[in-house]
Amino acid sequence: MYKVHCINNIAKVGTDALGEGFMLTSDANTADAILVRSANLHEMEFSDKLLAIARAGAGVNNIPLDRCAESGIVVFNTPGANANGVKELVIAGMLLAARDICGGIDWVERHYDDPNVGALAEKAKNRYAGTELAGKTLGVIGLGAIGAMVANAGRSLGMHVLGYDPYLSVKYAWSLDRHVRHISDLKEIWAKADYITVHVPATNSTRGMISREAIAAMKDGVVVLNYARDVLVDETAMAEALQEGRVARYMTDFANANSTQMARAIVTPHLGASTKEAEDNCAIMAASEVRDYLENGNITNSVNFESVDLGPIESAMRLAVFHKNLPGLIGHITSAVSDAGVNIENMTDKSRGDIAYALLDLGEPLSDEQVKSIENGEGVLRVRAIRK
Amino acid sequence: MYKIHCMNRISQAGVDQLYGTFAPAQSLADADAVVVRSANMHDEQLPDQLLAVARAGAGVNNIPIDRCTEQGTVVFNTPGANANGVKEMVIAGMLLASRDILGSTRWVAEHADEENIAAAAEKAKAQFGGSEIAGKTLGVIGLGAIGAMVANAGRSLGMHVLGYDPYLSVKYAWSLDRHVHAVRNVGDIYSQADFISIHVPASDKTRHMIGRDQIAQMKSGVVMLNFARDVLVDELAMADALASGHVSRYVTDFANPITTHMKGAIVTSHLGASTVEAEDNCAAMAISELRSYLLEGNIVNSVNFGNVDLGPIETDERIVVLHRNIPNMIGNFSKILSEAHLNIENMANKRRGEVATTLLETSGPWNDSVISQIAAVDGVFRARMIPGL
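Residues numbered from 1 in each chain as written. Chains lettered and ligands numbered in written order. Predicted model: local features only at pLDDT ≥ 70, side-chain atom pairs only at ≥ 80, totals over all residues.

## What about the overall build of chain A?
In plain terms, the rule: Think of it this way: any DSSP run of H or I at least four residues long counts as a helix, any run of E at least two long counts as a strand, and we number them from the N terminus. Labels follow a simple rule on C-beta atoms placed from the backbone: if 20 or more others lie within 10 Å of a residue's own, it is buried; if 12 or fewer, it is exposed; otherwise it is partly exposed. A pair of residues counts as a contact when their C-beta atoms, built from backbone coordinates, are separated by no more than 7 Å.
Tallying secondary structure elements over chain A gives 13 helices and 16 strands in all. Here chain A, with 388 residues, has 49% of them falling under the buried criterion. Relative to all contacts within chain A whose residues are 6 or more apart in sequence, the contacts with residues 24 or more apart total 61%.

## Digging into the overall build of chain B
Secondary structure assignment for chain B yields 13 helices and 16 strands. By its C-alpha atoms, chain B is 90 × 45 × 35 Å across when sized along the principal axes. Burial analysis of chain B (389 residues in total) assigns 49% to the buried set.

## Observations concerning the pairing of strand S13 (residues 317-324) of chain B
Residues and elements named next belong to chain B. Basically, it comes down to this: Two strands qualify as a pair provided DSSP detects at least 2 bridges between them.
In terms of burial, S13 is a largely internal element, six of the eight residues being buried. Bridge count for S13 against strand S16 (residues 380-387) is seven bridges, and the pairing is antiparallel. Note that in S16 the partner of Ile-319 across the bridge is Met-385.

## Quick notes on the confidence of the model for chain B
Atomic detail in the predicted coordinates should be set aside for any region of low pLDDT. Cut-off, in case you're wondering: pLDDT runs from 0 to 100 and stands for how confident the predictor is about each residue.
Here chain B averages 94 in pLDDT, while 100% of its residues score no lower than 70. Across the predicted assembly, pTM comes out at 0.84 and ipTM at 0.83.

## What about the domain arrangement of chain A?
Residue and element names in this part refer to chain A. Basically, it comes down to this: Where each domain begins and ends follows an automated or database-derived domain assignment. Polar here means any residue outside two lists: the nonpolar Ala, Val, Leu, Ile, Met, Phe, Trp, Tyr, Cys and Pro, and the charged Asp, Glu, Lys and Arg; Gly therefore counts as polar.
The domains assigned to chain A are domain 1 (1-82 + 273-305), domain 2 (132-267) and domain 3 (313-388). Computed over C-alpha atoms, the centres of domain 1 and domain 3 are 24 Å apart. Grouping the constituent residues of the side of domain 1 that touches domain 3 by class yields three nonpolar, three polar and no charged.

## Comments concerning the sheet that holds strand S1 (residues 3-6) of chain B
All names here are of chain B. Spatially, S2-S1-S3-S4-S5 is the arrangement adopted by the five strands of the open sheet, whose pairing is parallel. On the outer flanks of this sheet lie strand S2 (23-24) and strand S5 (74-76), each paired with one strand and no other. Pairing of strand S3 (residues 33-36) with strand S4 (residues 52-55) involves four bridges; the strand directions are parallel. Counterpart to Val-35 in the pairing with S4 is Ala-54.

## Let's talk about the packing of helix H3 (residues 83-98) of chain A against helix H3 (residues 83-98) of chain B
To be explicit about the condition: With axes taken as lines fitted to C-alpha atoms, and helix axes fitted only over the stretch in contact, angles between N-to-C directions fall between 0 and 180 degrees. An angle below 35 degrees is read as roughly parallel, one above 145 as roughly antiparallel, one from 65 to 115 as roughly perpendicular, and any other as oblique. Handedness of a helix crossing follows the sense of rotation of the near helix relative to the far helix, less than a right angle counterclockwise being left-handed and clockwise being right-handed.
Contact geometry of H3(A) with H3(B) gives a least axis separation of 9 Å together with a crossing angle of 130°. Considered as vectors, H3(A) and H3(B) are oriented oblique to each other. By crossing handedness, the relation of H3(A) to H3(B) is classed as left-handed. The segment H3(A) lies against H3(B), with A:Glu88, A:Ile91, A:Ala92, A:Leu95 and A:Leu96 engaging B:Glu88, B:Ile91, B:Ala92, B:Leu95 and B:Leu96.

## Some words on the nonpolar core
Just so we agree on the cut-off: To define a nonpolar core, we join buried Ala, Val, Leu, Ile, Met, Phe, Trp, Tyr and Cys residues through C-beta atoms within 7 Å and take the resulting set.
A:Ala52 and B:Val35 are the most contacted members of the largest nonpolar core, which has 252 residues in total. For this core, the element with the highest residue contribution is H3(A), accounting for 11 residues. Leaving out residues up to four positions away in the same chain, B:Val35 has contacts with B:Ile4, B:Cys6, B:Met7, B:Ile10, B:Ala54, B:Ala56, B:Ala286 and B:Ile287.

## Thoughts on the domain arrangement of chain B
All names here are of chain B. When the domains of chain B are assigned, the result is domain 1 (1-82 + 274-304), domain 2 (89-267) and domain 3 (308-389). The gap between the C-alpha centroids of domain 1 and domain 2 is 32 Å. Across the boundary between the two partners, domain 1 contributes four residues, which contact four residues of domain 2. The class makeup of the residues in the side of domain 1 that touches domain 2 is one nonpolar, three polar and no charged.

## Remarks on unusual backbone geometry
When glycine is set aside, most residues are seen to have a negative phi, and most peptide bonds are trans. All names here are of chain B. At His-270, a position not held by glycine, the phi torsion is positive, near 55°. Along the polypeptide, His-270 turns up in the loop between strand S12 (265-267) and helix H11 (276-296). A positive phi angle, near 70°, is found at Asn-328, a position not held by glycine. Along the polypeptide, Asn-328 turns up in the loop between S13 and helix H12 (329-339).

## Some points on helix H10 (residues 235-244) of chain B
Residues and elements named next belong to chain B. What counts here: Note that the arc is computed from the directions linking the helix axis to the C-beta atoms.
Buried within H10 are the following residues: Glu-235, Met-238, Ala-241 and Leu-242. Down the axis, H10 shows its buried residues gathered within 115° of arc, on one side only. Summarising the geometry of H10, the exposed residues directed more than 90 degrees from the buried face are Ala-243 and Ser-244. Those residues of H10 that are buried lie in contact with helix H9 (212-217), strand S10 (222-226), strand S11 (247-252) and S12. Trailing H10 by a residue or two, Gly-245 shows a phi angle of about 90°, which is positive.

## Let's talk about the interface of chain A and chain B
In this complex, chain A contributes 47 residues to the contact, which on the side of chain B involves 46 residues. If you list the elements that add at least two residues to the side of chain A that touches chain B, you get H3, helix H4 (101-110), helix H5 (117-124), strand S12 (265-267) and helix H11 (276-296) of chain A. Tallying contributions element by element places H3(A) first for the side of chain A that touches chain B, with seven residues. In terms of residue class, the side of chain A that touches chain B is built from 25 nonpolar, 15 polar and seven charged.

## Observations regarding the packing of H12(B) against helix H13 (residues 369-376) of chain B
All names here are of chain B. Taken N-terminus to C-terminus, the directions of H12 and H13 make an angle of 155°; their axes are 10 Å apart at the nearest point. By the angle class used here, H12 and H13 are roughly antiparallel. Read as a crossing pair, H12 and H13 show a hand that is right-handed. Contacts between H12 and H13 involve Phe-333, Ile-336 and Leu-337 from the first element and Val-370, Gln-373 and Ile-374 from the second. Class assignment of the residues belonging to the contact of H12 with H13 gives a composition of five nonpolar, one polar and no charged.

## Quick notes on the sheet that holds strand S9 (residues 195-198) of chain B
Think of a sheet as strands paired side by side through backbone hydrogen bonds, with each pair either parallel or antiparallel. Residue and element names in this part refer to chain B. Spatially, the seven strands line up as an open sheet ordered S8-S7-S6-S9-S10-S11-S12, and their pairing is parallel. In this open sheet, the two edge strands, each paired with only one partner strand, are strand S8 (181-182) and S12. H10 rests against S10, S11 and S12 of the sheet, and its axis sits at about 135° to S11.

## So, the environment of B:Leu28
Residues and elements named next belong to chain B. Along the chain, Leu-28 turns up in the loop between S2 and S3. In this structure, the C-alpha to C-alpha distance between Leu-28 and Met-7, residues 21 residues apart in sequence, is 8.0 Å. The residues contacting Leu-28, other than those within four sequence positions of it, are His-5, Val-34, Glu-44 and Pro-47.

## A closer look at H11(A)
Quick note on the threshold: How far a helix is expected to stretch is found by multiplying one less than its residue total by 1.5 Å.
Between its first and last C-alpha, H11(A) extends 30 Å over 21 residues, near the 30 Å set by a 1.5 Å rise per residue. A:Gly297, located one to two residues past H11(A), shows a positive phi value of around 75°.

## A word on the environment of A:Arg37
All names here are of chain A. Assignment of secondary structure puts Arg-37 in the loop between strand S3 (33-36) and strand S4 (52-55). Sequence separation between Arg-37 and Thr-300 is 263 residues, and the spatial gap between their C-alpha atoms is 18 Å. Those residues within four positions of Arg-37 in sequence are excluded, and the remaining contacts are Asn-8, Ala-56 and Gly-57.

## Digging into the pairing of S1(B)
Consecutive residues of a regular strand have side chains that alternate between opposite faces of the sheet. Residue and element names in this part refer to chain B. What counts is decided by this rule: Think of it like this: strands point away, you trace from the first strand over the helix to the second, and a clockwise trace means the crossover is right-handed.
Bridge analysis of S1 against S2 gives two bridges, and the strand direction is parallel. From the neighbouring strand, Lys-3 faces S2, where its bridge partner is Ala-23. Handedness of the crossover is the feature at issue here: the chain leaves S1, passes through helix H1 (residues 12-21), returns alongside S2, and the resulting connection is right-handed. In this structure, S1 lies alongside S3, joined through three bridges in parallel fashion. If you follow Ile-4 over to S3, its bridge partner there is Ala-33.

## Some thoughts on the environment of A:Ser205
Residues and elements named next belong to chain A. Inspection of the secondary structure puts Ser-205 in the loop between strand S9 (195-198) and helix H9 (212-217). Given 9 C-beta atoms within a 10 Å radius, Ser-205 is considered exposed. In this structure, the C-alpha to C-alpha distance between Ser-205 and Glu-289, residues 84 residues apart in sequence, is 29 Å.

Listed below in structure tokens is the structure:
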């Protein structure tokens, strides 16, 4: 029986998805896996028993990834599970930027007690008029799960769509509407787009990518949407551009000391994934990742290890070995198995940086002592022997 | 040169198109034709010479249609010109109803100066969460220019879409996504839809079509959207349904003393067609309708006379007659023309309810008296001759 500890409130459909052979525990020290949403784990001590942490959501800034990798703790996230929720908020953001719908609603609420509110609205409505999305140009930076959905939605709303992603995967390329034009130079987005939305992870290379220079190169009256991470945008430069009217609207899901003081910004309090469906999808996806890892040793959507998948266990024993990515280590593992007189039926080994993960399907089970001796080998960090 | 009076300010694109061919009128009294948006014309004196009123927009409640018909003034509207503008508002309405985006932006504004706003937002955000529209069922009542676009947009956003329109035209049927499921019984929409959007004109038949009984058939927690006309919905019944929570949101573009006092209503200030594009499209369409009627006698998108189109005038003259739809009218006209030794080259006649439009193209030596003779026939509202080029 595997034990799972939930740190945040995880949707019940998710914990139900763990299924037979799993139980929830309120004690993190006895848990094989932790399910977490946005709670900060940087200061948390992890028990030796802990095998996996699954983040129900995309961002993993709240988890100490390197420390986990060194301890052989696999960290998962759920990319794409909240994609539709974010996509719908981006569409709402574009529509609220195109016409001052919020201003119109506020006007009605201020005049709610006036018996002539209908006639007055006809006079006032010009102030809240605007433009339509159809026919405008949308630039999408980053075509992952969310960006690809946003690009397709733009197309279906009658927009011209420019997509930029130097690391575009086959999976998302496949999903894109064929009229989304794939461009290789961001300058083309700055020069042509009426709406620019950014959907890239926060890394050292993306920090501040919507820079002062980028903003200066954008069309007058552009709308910039940021439902990804606040650090992607130079918000000081954005505040100035809004003040001068060069950027018509900054739609951001990140309330901070900069964004809340900006003229013409519409700021939501991180609602992108705040839908029941996104929370359910994230929880279900996190649970199924944990289940497949604990039961089979397979890794899907890890942020600190590569994906490894040997399918369900068909052999007598599956050995999962975390080891340093050094010459001769694979040889050490395989010869230890053959010294025990056991045949290796399937094997895969993937490295990321300094650390690698091997899965071996064995014809016969190893004894506890034989497993222990592999684990004690130089450069081996952790070994799990999983029986069918 | 025909003189045109604009009752409302129209977009520059429209003005540019107008005054190449026509002259501005000093006032309504002086006008051969009128372009109007939402100005109320019910209390206006309509001059005898007024040939046409073109409404840049869809609704014609602000125009005295019966009076216009009786004096042979053709009233036009511009259906579909604002359709995309309204469609985008409906999408915004669905999204604003699904998640409390409005409440959340207000929360941020109220806490703008708080030191730890980002951390506070993470705690506060749960109260503004909601659901997604993908996977939900949208019911669209009325599949004209706007309804058809809304239905297709629902599909492209991943919704199941049910459409109801007993008068569906081939044109809009053709435009519909094939996954829009046509229902024969509007009750299927009430019982199945999570979102219901209504896009029908206001008439005696459609007034209060969303009444107490219909609301009672709807799913609990339904979102009702009304970007068409406020009279379509029995708003007192809607207010009760919102108060009880049976309807979760009423999103309406019509502010009135009932809607502004509803609990859980999202009321916009009639912004459906308030976009630059919609205004340009409406003005351009209204003016092209006027141009076609004044210069050629062809009628497209009239709300009081039948549509007729004989194309450009290729004979010496074309006679336009607006008249009651009663027996022997065409016999009377052809008798007058043959007595004047004019041959009828082409003819088109189209009835609409109690009235009809007849276009006649003649050849032979023209005689001005035929127009006064035709106009004198009992049941004729107006007769006019347009010389060919």
